[in-house]
Amino acid sequence: MNALFKALNDPTRRQILDLLREADLTAGEIAEQFDMTRPSISHHLDLLKQAGLVEATKKGQFIIYTINTTVLDELLAWLLTIRQNSHPQ
């Protein structure tokens, strides 16, 4: 879970997730949206992959990045459980 929070803590990575919410993209397409080097974008994508927030699929010579909301669904379910347990009705 530390990797998840680390990934979500960075505004660039949150912006990447916002882009991927709209459409699956290649690293190049993602990089075009930022004023930073492609290696920097690759680093951010790697951290998002390690956290399970994005999936990468090779298609020909390109890698297509897709958002994976399952991890966020699990986090939200866990947070709701904590909230419910700390505030009995």
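The paragraphs below set out a description of the structure included in this document. Because the structure is predicted, anything quoted here is derived from the model rather than measured.

## Regarding the overall build of the protein chain
Scanning the protein chain from terminus to terminus reveals 5 helices and 3 strands. In sequence order, the protein chain lays out its α and β elements as α-α-β-α-α-β-β-α. Oriented by its inertia axes, the alpha-carbon framework of the protein chain measures out at about 55 × 25 × 20 Å. In the protein chain, which comprises 89 residues, the share counted as buried stands at 31%. A separation of at least 24 residues holds for 51% of the contacts in the protein chain among residues at least 6 apart in sequence. Element-wise, carbon and sulfur atoms account for 50% of the exposed surface of the protein chain, whose accessible area totals about 6200 Å². Within the protein chain, one finds 9 positive and 11 negative side-chain charges whose respective centroids are separated by 4 Å.

## Here we look at helix α4 (residues 38–50)
Helix length check: α4, at 13 residues, gives a terminal C-alpha distance of 18 Å against a target of 18 Å (1.5 Å per residue), a fit within 8%. For α4, the set of buried residues is Ile 41, His 44, Leu 45, Leu 47 and Leu 48. Each buried residue of α4 sits inside an arc of 160° when the element is viewed along its axis, so together they form one side. Residues Pro 39 and Gln 50 are exposed on α4 and point more than 90 degrees away from its buried face. Contacts from the buried residues of α4 go to α1 (2–8), α2 (11–22), α3 (27–31), β2 (54–59) and β3 (62–67). Gly 52, located one to two residues past α4, shows a positive phi value of around 80°.

## A word on the sheet that holds β3
Reading across from one edge, β1-β3-β2 is the order of the 3 strands in this open sheet, with antiparallel pairing throughout. The outermost strands of the open sheet, each flanked by one partner alone, are β1 (25–26) and β2. Summarising the sheet, β2 and β3 pair through 6 bridges and their orientation is antiparallel. From the neighbouring strand, Ala 56 faces β3, where its bridge partner is Tyr 65.

About the cut-offs
- Residues numbered from 1 in each chain as written.
- Predicted model: local features only at pLDDT ≥ 70, side-chain atom pairs only at ≥ 80, totals over all residues.
- Heavy atoms only, no water.
- Helix = DSSP H or I, 4+ residues; strand = E, 2+ residues; numbered from the N terminus.
- Buried < 20%, exposed > 50% of the residue type's maximum accessible area, 1.4 Å probe, protein only.
- Contact = heavy atoms within 4.5 Å.
- Areas by Shrake-Rupley, 256 points an atom, 1.4 Å probe, with all protein chains shown as cover.
- Lys, Arg positive; Asp, Glu negative; His and termini not counted.
- Charge placed at Lys NZ, Arg CZ, Asp CG, Glu CD.
- Expected span 1.5 Å × (residues − 1).
- Arc of directions from axis to C-beta.
- Pairing = 2+ DSSP bridges.

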